[in-house]
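This is what each chain is made of:
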Amino acid sequence: MDVQVLEPLGARVTGLSLDTPPDEATVEAIVGLLADHGVVHLPGQDIDDTAFAAYLRCFGDPVFTVGETPVPGFDDLNVISNVGRTTPPRSTFHVDTSYVSSPPAYTSLRAVTIPEQGGQTVFTNQYRALDTLPADLRARIEGRRMRHVVTGVDPGESQEKEAWHPLVRPHPVSGRDTLYLTTPARCAEIEGMDADETAETVAALTAHSTAPENCLRHTWASGDVVMWDNGTVLHAADHSGVVGDRVMHRGMATGYAAPLTGTLSE
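Because the structure is predicted, anything quoted here is derived from the model rather than measured.

(A) Main features of helix α2 (residues 49-57). Of all 9 residues in α2, 7 are buried; the element is thus mostly enclosed. Along α2, the residues that are buried comprise Asp49, Ala51, Phe52, Ala53, Ala54, Tyr55 and Leu56. The residue sitting at the N-terminus of α2 and contributing the capping side-chain oxygen is aspartate 48; that oxygen lies 3.2 Å from the backbone nitrogen of threonine 50.

(B) How the structure looks around the sheet that holds strand β8 (residues 121-124). The antiparallel open sheet is built from 3 strands, whose spatial order is β14-β8-β16. Every interior strand has two partners, whereas the edge strands, β14 (215-218) and β16 (235-237), have only one. On average, each strand axis in the sheet is inclined to that of its neighbour by 20°, with strand direction left out of account. In this sheet, β16 lies alongside β8 in antiparallel orientation, the contact comprising 3 bridges. When the bridges of β16 are listed, valine 122 appears paired with alanine 236.

(C) Structural detail: the environment of leucine 179. Note that leucine 179 resides in strand β12 (residues 177-179). Measuring from C-alpha to C-alpha, the distance between leucine 179 and aspartate 131 comes to 8.8 Å, with 48 residues separating the pair along the chain. Setting aside residues up to four positions removed in sequence, leucine 179 forms contacts with Gln126, Ala129, Leu130, Ile141, Leu167, Leu205 and Ser209.

(D) Inspection of the nonpolar core at higher detail. In terms of nonpolar packing, the biggest core is built from 26 residues, with Leu42, Tyr55, Phe59 and Tyr106 touching the most fellow members. Elements supplying a minimum of two residues to this core: β2 (11-14), α1 (24-37), β3 (39-42), α2 and β15 (225-229). Here phenylalanine 59 is in contact with Val27, Ile30, Val31, Tyr106, Met227, Ala253, Thr254 and Gly255, once residues within four sequence places are set aside. Counting residues in each nonpolar core, the second largest holds 15 residues, with Ala129, Leu167, Val168 and Cys187 among its members.

About the cut-offs
- Within any chain, residue numbers begin from 1 and follow the written order of that chain's sequence.
- Only residues with pLDDT of at least 70 get local features here, since the model is predicted, and only at 80 or more are side-chain atom pairs given and counted; chain-wide, interface and lining totals rely on the full set of residues.
- Water and hydrogen atoms were dropped before computing side-chain values, which therefore reflect all heavy atoms in the structure.
- Each residue's exposure class comes from its accessible area (1.4 Å probe, protein chains only) as a fraction of the maximum for that residue type: buried when under 20%, exposed when over 50%, partly exposed otherwise.
- Put simply, DSSP marks the helices as runs of H or I at least four residues long and the strands as runs of E at least two long, and each gets a number from the N terminus on.
- Side-chain atoms alone can form a polar contact between residues adjacent in sequence; in general such a contact is a pair of N or O atoms within 3.5 Å, and within protein one must be able to donate a hydrogen while the other accepts it.
- A pair of strands is treated as paired once DSSP finds two or more bridges between them.
- Lines fitted to C-alpha atoms define the axes here, with helix axes fitted over just the stretch in contact, and angles between the N-to-C directions of these axes take values from 0 to 180 degrees.
- Throughout, a residue-residue contact means that at least one pair of heavy atoms, one from each residue, lies within 4.5 Å.
- In these notes, a set of buried Ala, Val, Leu, Ile, Met, Phe, Trp, Tyr and Cys residues joined through side-chain atoms within 4.5 Å is what counts as a nonpolar core.

In C-alpha cells:
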C-alpha cells in the first residue's frame, strides 16, 4: 500500500485492491489516514457493489439514511444520480446524517458512471478551519453545542430528527480538535445564542471552512472509490457545468472503536 499525502487534506492510496476485504492491519492504516488527512482516494478499483459493501463493513456497521434511494439489491447502499433529472441536483457543504446522536463516522462513494465534464466533489479540512479561525470567532464558539436538525428527507416517526453536538470537539481517533458543523439549513441553534446570532455565526464558520485554501477538489475517474471521515471534513458535489450522466453509489459506516457519545453528543 503506497500513500501520497495531498494538500490541504487527503491521501491517495495505491497498491491496494478491494476485490477482497482488507485485513485488520490495512483497515487500521486506513482509519489512521482518515483521522489524520480526512479523505482517502483509492483509484483503479474495478469492483461491484458486493465488494464495495464488504469493504465498508470492515469499518463498522452499515448506516442507511431513511428517505434515500437504495441501490437495487443492496439495502445498505444508496444511489446518487443526475440521470433523468430536469434540473441539476443541489448540494451544499455538509456532513452526513449529523441530526442523530451518533452520526456515521465514515462515508464512501464508488464511481459508477463518470460524466464527460464536471461533477467534482469538494472536501474541506476542518482541523485547519479550526486552527485558523479568527480569535474572536473561536472564543465565541468555544464550549458551545449546536442543534442539528433533519432537512430534505423524512426519516419517519421512529427515527431521530435532531441532536446536539459540540462545535469544537476532539476527534475520537486522532485526539485533535476539529470544527464540527454542517449545512446551514441543518444548523438550527447554537447554545446560548438567539436565532440571529446563530445564523450569523454559522455563516461565518461556513465561509471560513469552505475558503479555497481549506478545500480539496476531487475529479472523478472510472474505478475511483473515495472515503472520508465525517468528523474531520465537510463535503459537497459541484454540479455546475456537468455534461453527461453522473452516478455514484454511497455507503456509510458507524466507525470508531468507541461510541461517539460524549464526544460528538451528550
